[in-house]
Amino acid sequence: MSTNRKIHKILLIDDEQDILRVLSMSLRIDGYDVMTARSGEEGLRLFKAQSPDLVLTDVKMPGMDGIEVLRNIKALEADAEVIIITGHGDIDNAIEALKLGASDFINKPVRDEVLAVAIGRADEKLAIRSQLKAHTEELEEKVAHATQELRRQSNFLSRLIESSNDAIIATDDQLRIVIYNPGAQRIFGHTFEEIKERHITEILPDEVARFFSHLPASNGTATPTEWVETIVTANDGERIPVRFYGAPLKEKGKLMGSVSFYQDLREIKRLEAELLHAERLAAIGQTVAGVAHGIKNLLHGFKGGSYLVNLGIAKNDDEKLLKGWDIIQRNIKRTSDLVMDLLSFSKERDLDYVPCEPNAIVQEVRQMVQTTADEYNIRIETDLDPAVGTVCMDPHILHQCLSNLISNALDACLFEVESDKQWRVTIRTHRMENDRICFEVIDNGSGMSPEVQKKLFSRFFSTKGHRGTGLGLLVTRKLVKEHHGTITVQSKPGAGTTFTFCLPFMRHCTAAAGSST
Amino acid sequence: MGKKVLVVDDDPDVRLFSVTVLEEHGYTPLEATDGEQGLAIVKSEQPDLVILDVLMPKESGVRLFRHIKTDPKLQKIPVIILSGITQKSFLRSQKALTEFGGAAVPEPEAYLEKPVEPEELATAIRNLLH
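This write-up is about the structure you can find in this document. (Residues numbered from 1 in each chain as written. Chains lettered and ligands numbered in written order. Predicted model: local features only at pLDDT ≥ 70, side-chain atom pairs only at ≥ 80, totals over all residues. Heavy atoms only, no water.)

Considerations on the overall build of chain A
- A tally of regular secondary structure across chain A gives 14 helices and 17 strands.
- In chain A, which comprises 517 residues, the proportion classed as buried is 41%.
- In chain A, 61% of the contacts between residues at least 6 apart in sequence involve partners at least 24 apart.
- Summed over all atoms, the accessible surface of chain A reaches about 28800 Å², with 54% contributed by carbon and sulfur. (Helix = DSSP H or I, 4+ residues; strand = E, 2+ residues; numbered from the N terminus. Buried < 20%, exposed > 50% of the residue type's maximum accessible area, 1.4 Å probe, protein only. Contact = heavy atoms within 4.5 Å. Areas by Shrake-Rupley, 256 points an atom, 1.4 Å probe, with all protein chains shown as cover.)

Let's talk about the interface of chain A and chain B
- Between chain A and chain B, the residue contacts involve 22 residues of the former and 24 residues of the latter.
- Across the chain A to chain B interface the summed buried area is about 2000 Å²; carbon plus sulfur atoms make up 59%.
- Looking at the side of chain A facing chain B, the largest losses of area belong to Lys296(A), His300(A) and Tyr307(A), adding up to 34% of the total buried there.
- Counting across the chain A and chain B interface gives 5 salt bridges.
- Measuring nitrogen to oxygen at the nearest pair gives 3.2 Å for the salt bridge that ties Lys296(A) to Glu113(B).
- Here chain A and chain B share 7 residue pairs in polar contact (both at pLDDT 80 or more) between them. (Buried area = accessible area lost by both parts, 1.4 Å probe. Salt bridge = Lys/Arg side-chain N within 4 Å of Asp/Glu carboxyl O. Polar contact = N/O pair within 3.5 Å; in protein donor to acceptor, adjacent residues only side chain to side chain.)

Structural notes on the state of the cysteines
All names here are of chain A.
- Summed over the entire model, instances satisfying the criterion amount to 1 disulfide over all chains.
- Across a sulfur-sulfur distance of 2.0 Å, Cys-438 and Cys-502 are joined as a disulfide pair. When the S-S torsion is 110°, as for the bridge of Cys-438 with Cys-502, the disulfide is right-handed. Of this pair, Cys-438 sits in strand E15 (residues 436-443) while Cys-502 is found in strand E17 (residues 496-504), placing the two residues 64 residues apart along the sequence.
- Cys-502 gets classed as buried once you look at its relative accessible area, which sits at 11%.
- Cys-392 provides the cysteine sulfur closest to Cys-356, a residue in no disulfide bond, and the two sulfurs are 7.3 Å apart. (Disulfide = S-S within 2.5 Å.)

Focus: the environment of Gly237(A)
- Mapped onto the elements, Gly237(A) comes out in the loop between strand E8 (228-233) and strand E9 (239-251).
- On a C-alpha basis, the gap between Gly237(A) and Phe188(A) in space is 9.4 Å, while along the polypeptide they are 49 residues apart.

What to know about unusual backbone geometry
Residue and element names in this part refer to chain A.
- Cis peptide bonds are those with omega within 30 degrees of zero, and the linkage from Lys-108 to Pro-109 qualifies with -10°.
- Of note, Glu-197 is a non-glycine position whose phi angle comes to about 75°, a positive value.
- Locating Glu-197 in the fold gives a position in the loop between helix H7 (192-195) and helix H8 (206-214).
- The residue Lys-252 is not glycine, and still its phi comes out positive at about 50°.
- Structurally, Lys-252 can be placed in the loop between E9 and strand E10 (254-264).
- According to the relative accessible area criterion, Lys-252 is exposed, its value standing at 86%.

Spelled out as structure tokens, the structure:
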């Protein structure tokens, strides 16, 4: 008799008083709490009222027999333990009872040892069942907990996707949209309901859609894209600049879908445009200040000139009159230079691609400055690449850039004209492999300090005092840029300066090239 | 012989203008075409007044002015700045040089912004050389 047995309360049903008395006595001695019933009906009532752990019932009883009691009890409580007591050799009833779910059957006359074994087995079954139940409950609890954790994680992830400021769109392996966050709606305009299950390629420009179209056939070998800028079209037709990044989603090397991210660049583009505008305004302000400075100097020259002219007239002094007139004429020239520089700086002119010979243009410009160079004993040398030949570029731009840089080079030598050094300006041309021609203007003149080099291409910077408008290099750089070229400078104070600019050319002038910008 | 006035300007037209005004008013003009030459003449001739441009090749007027005003032998010589640069920019660049570790310099005795009338220049000269 184990102390942790499950069976404590036993209901005993038999119509024979003697058997009831004997059996109940023997069970009580074994420590059970026994209640007895003299009929099937009474037994069923007691079962309902007392919920015994085990029922022992005789089969043959007047009124409700044992089989009927069993059926009723099982209907009330499928797990109830019921042992049937059958007459000797009453196999049919025994089989029927087992079919109906009886735990066991024992034959009359009931022997104590047999009864004890049957009760022991029922006890074991109960113990196992209660263990199973505890186990099941524990499992259920674990499942519930895991489910809750999963739900929490899933919620966490969907909140994460929802709250992303960037658009996130995910598809299944057939490229059908399955995730489409509010950020995506802000860019593309469609609601999730409208877009759900549609193919992602329908809402993307070709260059980006191509990445997705290749995915299903890629057998899991596809790799993520770089971040690229592109323009998507929203459902209202607005073209929206975005930064795009797409990646395949794989599971065990097999494609399971795709995810793509889109950063809205509208605000950034707007700020960039604003900044550009502000910079332009600042540049205009600086330009105006620079122009005003230039005009003040010119006015001073005119005043000085007219002062001398007036003096010359008043005193009948021809020398003063002529000097004054000279000043006025020089300032007319300086005014005209400033205006021409300003005009070429402000002009937005279309490129004029025509067949030309860059080497011939170099010689032309050289001719222009030869007199000045001779006057100051500056040697001009040319080293022209015969491969340059005839190409298609804008000869006006080339002419102006060359003449600006060459007269700068001469000025650099003029600064120290009293020295007996042999001043030299060299002009070189090279035809490059990438359809560019590079021009070098090299002087061994005064050179420039790093500070001066830094300011070189900024507005109105002149080291030439009255001789420069401060616009020459600014204009040169603008022209080179308009021709999609590059310009660089290398210089050392006292050693000289090299300006290099490279302009792209076309091998043949096409009819359409005339106004290409 | 009138008082000596040095005109420092790289623009010959501007020099001619100032020199003529000086001659008309009985002064003896001296000329320098840049700051370097200007400093040499200031030292050798000890003029009574300097008329100084700001933007010049080699040593600028900003530097020459500092040289004159920080040299005990020269600092008493009055200086008229005659420039297209505004007085504000000139003072700002002096302030920047002082902050950069230079000695503090006084403001120039007179500041004339181009363009200048001959009478204006003559008055400024007369005020400093009475």
